[in-house]
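One-letter residues, chain by chain:
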Amino acid sequence: MNRVVVLTDSRYLGQRMPGALIEALRARDMPAVSARADRLVAEVRAEEGTAPEPVWGMRRALPALRPGDLVVPRTRNAFALSLLAQAQLRGVRTVNRWEAVQAVRDKPYAVLLLARAGVPAPRTFLADRPGALAGLPGAAWPLLLKPPYGDNGHGIVRVDSPRELERLPWSEGMVLAQQYVDVAGVDVKLYGAGERVWAVRRPSPLLAPAEEWPEPVPLPVTRELRTLALACRDAFGLDLYGVDVLPSPDGPLVVDVNDFPNYTGIAEAPDVVADLVESRLTEVVHP
């Protein structure tokens with residue numbers, strides 16, 4: 001029987017996802033197992049027809065994947081993403097695909113894809129280091145500086161003037177800078193799973209760490225928000241995704257897209273995601 005393997009790591013064990021998805025799948029008597037990538041070692045082999053088997057110590061921590069299986073990654077672990085890529089190369093289905101996950105993690109590449117798709121965003125600049133931004137015109141300031149590989153808002157710095165760049169500690173190398181948009185400390189988060197889209201209002205992640213946020217407030221998904229969410233989905237080829245939106249006076253602006261979010265505040269999300277995973281697992285694969 002084909003199985004669902006949820007690929008994750010320790011940082012997500014205390015969060016809603018992927019645990020709620022695994023529970024929803026098992027409630028349907030679907031064969032679902034989890035694998036913690038930070039406990040695995042993978043041997044790379046060249047045989048056709050089998051996937052590299054992650055092992056823990058001298059024993060197998062995960063059964064060998066078969067082409068009919070399906071892997072669902074919720075991880076930012078570089079090793080886990082290498083396992084995801086290996087699984088795809090061996091014909092294992094994935095939700096999301098490795099290419100899509102890599103694209104949203106690479107923030108400079110992500111903003112280029114969103115711009116090509118015509119997705120509205122704050123004025124955005126790319127530079128090899130923060131000091132290179134000093135020559136920007138006064139109308140561009142303040143700026144939010146973001147590292148090239150984002151992670152839940154970590155490493156984002158607000159800079160109000162070129163002078164602040166002189167004493168800014170920055171170890172990330174390349175920088176993505178976006179014009180600061182004042183939305184009174186409130187963001188909109190869009191969640192998507194296939195064709196389903198939800199929206200919530202929440203405090204800006206720049207004001208407090210995620211663990212201190214109050215429960216988000218559900219919002220109606222307007223036609224504009226739905227169109228925006230689907231445009232972001234299609235730009236990357238994602239199945240499970242989240243979109244961070246600023247409700248600016250000139251309309252919603254996208255500031256980030258991520259893969260397989262936590263769906264915080266969306267009670268029905270685990271079952272909807274399970275529907276999507278089940279449909280992919282049971283669909284006929286044509287040679």
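As a reminder, the structure under discussion sits directly above these lines.
Residues numbered from 1 in each chain as written. Predicted model: local features only at pLDDT ≥ 70, side-chain atom pairs only at ≥ 80, totals over all residues. Heavy atoms only, no water.

**Q** Could you clarify how one ought to interpret the side chain of N96 in this entry?
**A** For N96, the position within the fold is in the loop between β7 (93–94) and α3 (98–105). The exposure class assigned to N96 is buried, which follows from its relative accessible area of 0%. Within the structure, the side chain of N96 is placed 2.9 Å from the backbone nitrogen of L240, a separation counted as a polar contact. (Helix = DSSP H or I, 4+ residues; strand = E, 2+ residues; numbered from the N terminus. Buried < 20%, exposed > 50% of the residue type's maximum accessible area, 1.4 Å probe, protein only. Polar contact = N/O pair within 3.5 Å; in protein donor to acceptor, adjacent residues only side chain to side chain.)

**Q** What should I look at first to understand helix α4 (residues 107–116) in this one?
**A** Within α4, burial applies to K107, P108, A110, V111, L113 and L114. In this fold, the buried residues of α4 make contact with α3, β8 (124–127), β11 (175–179), α6 (223–236) and β16 (251–259). Among the residues trailing α4, G118 stands out with phi positive, at a value near 75°. (Contact = heavy atoms within 4.5 Å.)

**Q** Would you explain the nonpolar core in this entry?
**A** Across soluble globular proteins, nonpolar side chains show a tendency to be buried alongside one another. Within the largest apolar cluster, 28 residues are counted, with the highest numbers of intra-cluster contacts made by V4, L21, L25, V72, W198, L240 and Y263. Contributions of two or more residues to this core are made by β1 (4–8), α1 (19–27), β6 (70–73), β12 (186–193), β13 (196–203) and α7 (269–282). It is α7 that provides the largest number of residues to this core, a total of 7 residues. Those residues in contact with L240 that sit more than four places away from it in its chain are V72, V95, N96, G192, A193, N258, D259, F260, P261, Y263, V273 and L276. Ranked by size, the runner-up nonpolar core spans 23 residues in total, among them V104, V197, L238 and V245. (Core = buried A, V, L, I, M, F, W, Y, C linked by side-chain atoms within 4.5 Å.)

**Q** Looking at this model, I keep getting lost on the pairing of strand β15 (residues 240–248). Mind explaining?
**A** Each regular strand shows side chains that alternate between the opposite faces of the sheet. Counted residue by residue, β15 has 8 buried out of 9 residues, so it is predominantly covered. As paired elements, β12 and β15 share 6 bridges and run antiparallel to each other. Bridging from a neighbouring strand, K189 pairs with D244 of β15. Strand direction decides the pairing type here: β15 and β16, joined by 8 bridges, are antiparallel. Paired with V245 across the bridge in β16 is V254. Counted between consecutive antiparallel strands, the loop separating β15 from β16 contains 2 residues. (Pairing = 2+ DSSP bridges.)

**Q** Help me understand unusual backbone geometry in this model?
**A** Trans is the common state for peptide bonds, and a negative phi is the common state for residues other than glycine. Along the chain, V95 connects to N96 via a cis peptide bond; the corresponding omega equals 0°. A cis amide bond links W141 to the next residue, P142, at an omega of -5°. Relative to the helices and strands, P142 is located in the loop between β8 and β9 (143–146). Positive phi, close to 35°, is recorded for F260, a residue that is not glycine. Tracing the backbone through its elements, the reader meets F260 in the loop between β16 and α7.

**Q** Mind showing me how you'd approach the packing of helix α2 (residues 78–89) against α3 here?
**A** Helix-helix packing is characterised by the crossing angle of the two axes and by the distance between the axes. Contact geometry for α2 and α3: axes closest at 9 Å, N-to-C directions at 150°. By the criterion of interaxial angle, the relationship of α2 to α3 is roughly antiparallel. Note on element contacts: α3 touches α2 through W98, E99, V101, Q102 and R105, opposite L81, L84, A85 and Q88. Per-class residue counts for the contact of α2 with α3 are 5 nonpolar, 2 polar and 2 charged. (Axes fitted to C-alpha atoms, helices over the stretch in contact; angles between N-to-C directions. Parallel < 35°, antiparallel > 145°, perpendicular 65-115°, else oblique. Nonpolar A, V, L, I, M, F, W, Y, C, P; charged D, E, K, R; others polar.)

**Q** I'm lost on the environment of A127 in this one. Help?
**A** Relative to the helices and strands, A127 is located in strand β8. The exposure class assigned to A127 is buried, which follows from its relative accessible area of 12%. Along the backbone, A127 and L176 are 49 residues apart, and their C-alpha atoms lie at a distance of 6.6 Å. Ignoring any residue separated from it by four or fewer positions in sequence, one finds A127 in contact with A132, L133, M174 and V175.

**Q** Would you explain the sheet that holds β1 in this entry?
**A** Strands belonging to one sheet form pairs held by backbone hydrogen bonds; the direction of such a pair is parallel or antiparallel. Strand order in this open sheet of 4 strands is β2-β1-β6-β7, and the pairing throughout is parallel. Two strands in the sheet have a free side with no partner beyond their single neighbour: β2 (32–36) and β7. Bridge analysis of β1 against β2 gives 5 bridges, and the strand direction is parallel. Of the residues in β2, the one forming a bridge with V6 is S34. Lying over the sheet, α7 contacts β1, β6 and β7, oriented at roughly 150° with respect to β6.

Purely spatial values, then, with no claim about function.
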